[in-house]
Amino acid sequence: MQLSRSQVYTNRIMEPVRKKDTMRKATGRAGRLLLSLLIVTGVASCNSSEDPNLAWLVSLDGGSSQSSTGQSTSTEIPFSYTIDNIQQGTGDFVFETNKSIPVEILVEDPDGGVEGTRVLIRDANGERVLFRAITDAEGNATGVVTVNQDEQTAVIEVEYNGQTLYVDLDITDVVQTTVTLVIRVRADVSEVADADGDGIPDDEDDYPQDPDRATMVRVPAEGFYRVAYEDLYPKRGDADFNDYVVQVYHEQDLNASGKLVELRSYYAHIAKGAGYDHTLHLALPDVVSGEATLVRKDASGVELNSENLSISSGNAIEILGRSSNTISSSNTDRNQSFVMGHSAELTFLPDAPVALQTLGKAPYDLFIKVLNTGHEIHFAGRYFAEDGSDQYIDSAGFPWALMVPDYWQWPYERANIHDGYPAFDDWYLSAGTASQNWYDSPVADHVFPAN
Ligand SMILES: [Ca+2]
Ligand SMILES: [Ca+2]
């Protein structure tokens, strides 16, 4: 899909969202400073067909590149920038309601890369931190932002010389692609209060006394994702997406370089509209290793058991046990009130900090095993047959697993997602380009009122 729409990126310099006197070393700064941002793509070396762990990064098939530039000369620190995006291609639609966008940022001034510049990416409202890192010795910061598919803008903030520089980043069609940002700056480096010396100022550091941690990023930023499975695989399902439903969120602790140093994941079983029984499992990418603790709790939050686990080579761990034991109601009948099921909390400490691009996209490889059939059911877009076909897309082009925001309500038994969400068909028949917020418009008569 070649996109002809011209992306316009504005940049602006204004007061930081939070004034930080310690950041504003207002020594005489008469010289005008030059900042330019160059944002270029950097995905060419990533081959999705050869490395399934990186498949989520690229959607080059039919994709296109696009660049834009901007500048500012009317403020204290004039700057300009260039943005090159790889756009979403065709044939990549795997029923995802969120997107993870790798971002590489380079801060340079006329003397070269600037080390130790704080780079922050927020949502458009400026309320949620999507990523943060300080630039390395070459001026680079690399990370991933994860947002809902219908989010159109993110904001890059570069804290530089006591000034915050803003660039609006149009992410409308930048889906699962790598974006590299190169920022060029010329200025002095500010001194800031930083008790643990990790480069993140005390008043921004989520862990101001811990040099190994700087930022906590929640995925999703608020609430949960709901993950719904159909369990008839390899047969086509009945599209009620209520056979096994969990809700999940993640907390990623990042170091000052923006790499993962701890992952906490929370799971709760919330529906079982099925005769089959299931177990819930998680696998992290092959190259990720470390130690984990898993705590399982009953429906009222009382701890049932705790396990210490080693994670390596993509080994899957069982998050929740047999589904007939982890929830006391199907939560799919019209005369039922919602009943909470069991939950589990996973705390993972990697052996070494993990780049977010390596970790991949939340909820990672979260899958069920159907105990009655012996089959595993994974998200589409992860496992492929020898002929290249997606192992988890059925003959009608439909997945067996779906992840949606937490206010999505699964269909009642004997209803289906087409009844419950009339815009769902627009969405998937357009390969995700139309009705991206289809889950905002349920038909109450067809969906279970779970809040
Ligand atoms: Ca700090
Ligand atoms: Ca810290």
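Everything below is about the structure printed above this text.
### As for the overall build of the protein chain
Counting its regular elements, the protein chain contains three helices and 24 strands. Going through the 451 residues of the protein chain one by one, you find that 55% of them count as buried. Summarising the internal contacts of the protein chain: among those between residues at least 6 apart in sequence, 71% fall at separations of at least 24.

### A few points about the coordination of the calcium ion (ligand 1)
Listed as protein donors to the calcium ion (ligand 1) are Asp194 (OD), Asp196 (OD), Asp198 (OD), Ile200 (O) and Asp205 (OD); their distances from the metal cover 2.3 to 2.4 Å. In terms of primary sequence, the donors binding the calcium ion (ligand 1) are separated according to D-x1-D-x1-D-x1-I-x4-D. Between the calcium ion (ligand 1) and the calcium ion (ligand 2), a spacing of 3.9 Å is present, and a bridge between the two is formed by Asp196. You'll find Asp196 and Asp198 in the same group, each marked buried.

### Some details on the side chain of Asp243
By the secondary structure assignment, Asp243 is in the loop between strand 14 (225–229) and strand 15 (244–254). For Asp243, the contacting residues outside a window of four places in its chain are Tyr229, Glu230, Asp231, Ala271, Lys272, Gly273, Ala274 and His278.

### Points about the side chain of Asn242
With respect to the helices, strands and loops of the structure, Asn242 is situated in the loop between strand 14 and strand 15. Not counting the four nearest positions on each side in its chain, Asn242 is found in contact with Tyr229, Glu230, Ala271, Lys272, Gly273, Thr332, Trp410, Pro411, Tyr412 and Glu413.

### Describing the pattern of salt bridges
What the rule picks out here adds up to 21 salt bridges. Between Asp277 and Lys272 there is a salt bridge, with the nearest N and O atoms lying 3.2 Å from each other. For the pair shown, Asp277 and Lys272 are each scored as buried. Between Asp445 and Arg334 there is a salt bridge, with its nearest N and O atoms 3.7 Å apart. Note that Asp445 is positioned in the segment after helix 3 (423–429) and Arg334 in the loop between strand 20 (317–320) and strand 21 (343–350), a separation of 111 residues in sequence. By sharing partners, the salt bridges in this structure join Arg118, Arg122, Arg132, Glu157, Glu159, Glu204 and Asp206 into a single network.

### Description of the coordination of the calcium ion (ligand 2)
Taken together, Asp196 (OD), Asp198 (OD), Asp205 (OD), Asp205 (OD), Tyr207 (O), Asp210 (O) and Arg213 (O) make up the full set of protein donors to the calcium ion (ligand 2), lying 2.2 to 2.8 Å away. Read from N- to C-terminus, the donor residues coordinating the calcium ion (ligand 2) fall into the pattern D-x1-D-x6-D-x1-Y-x2-D-x2-R.

### Points about the environment of Phe95
Relative to the helices and strands, Phe95 is located in the loop between strand 4 (79–86) and strand 5 (98–109). Overall, the relative accessible area of 3% leaves Phe95 in the buried class. For Phe95 and Gly432, which are 337 residues apart along the polypeptide, the C-alpha to C-alpha distance reads 7.1 Å. Beyond its immediate stretch of four places on either side in the chain, Phe95 contacts Ile393, Gly397, Phe398, Pro399, Leu402, Phe424, Trp427 and Tyr428.

### Concerning the environment of Glu291
Among the secondary structure elements, Glu291 is positioned in strand 18 (residues 290–297). A C-alpha to C-alpha distance of 5.4 Å links Glu291 and Leu349, two positions 58 residues apart in sequence. With sequence-adjacent residues up to four places away left out, Glu291 is seen in contact with Leu309, Ser310, Thr347, Phe348 and Leu349. Engagement of the side chain of Glu291 in a polar contact is seen with the side chain of Ser310, the distance being 3.0 Å.

### Remarks on the sheet that holds strand 23 (residues 376–377)
Taken together, the four strands give an open sheet; going across it, the order is 20-17-22-23, and neighbouring strands pair in antiparallel fashion. Because the sheet does not close on itself, it has two edges, and the strands there are strand 20 and strand 23. Pairing of strand 17 (residues 278–283) with strand 20 involves three bridges; the strand directions are antiparallel. Bridging from a neighbouring strand, Leu280 pairs with Leu320 of strand 20.

### Things to note about the pairing of strand 16 (residues 260–271)
Strand 16 sits mainly inside the fold: twelve of its twelve residues count as buried. When strand 15 meets strand 16, the two strands line up antiparallel, connected through ten bridges. The partner of Val245 across the bridge, within strand 16, is Ala271. Taken together, strand 15 and the strand that follows it, strand 16, pair antiparallel across an intervening segment of five residues, in which Gly258 is found at a positive phi of about 85°. Pairing between strand 16 and strand 21: six bridges, direction antiparallel.

### Description of the pairing of strand 5
Strand 5 sits mainly inside the fold: eleven of its twelve residues count as buried. Judged from the nine bridges that link them, strand 5 and strand 9 (residues 140–148) form a sheet pairing that is antiparallel. Within strand 9, the position partnered with Leu106 by the bridge is Asn140. The sheet contact formed by strand 5 and strand 6 (residues 112–113) spans two bridges and is antiparallel. In the sheet register, Glu108 faces strand 6, and the bridge partner there is Gly113. In this antiparallel pair of consecutive strands, strand 5 and strand 6, the connection spans two residues.

Rules used in this analysis
Residues numbered from 1 in each chain as written. Chains lettered and ligands numbered in written order. Predicted model: local features only at pLDDT ≥ 70, side-chain atom pairs only at ≥ 80, totals over all residues. Heavy atoms only, no water. Helix = DSSP H or I, 4+ residues; strand = E, 2+ residues; numbered from the N terminus. Buried < 20%, exposed > 50% of the residue type's maximum accessible area, 1.4 Å probe, protein only. Contact = heavy atoms within 4.5 Å. Donors = N, O, S within 2.8 Å, 3.2 Å for Na, K, Ca; no water. Salt bridge = Lys/Arg side-chain N within 4 Å of Asp/Glu carboxyl O. Polar contact = N/O pair within 3.5 Å; in protein donor to acceptor, adjacent residues only side chain to side chain. Pairing = 2+ DSSP bridges.

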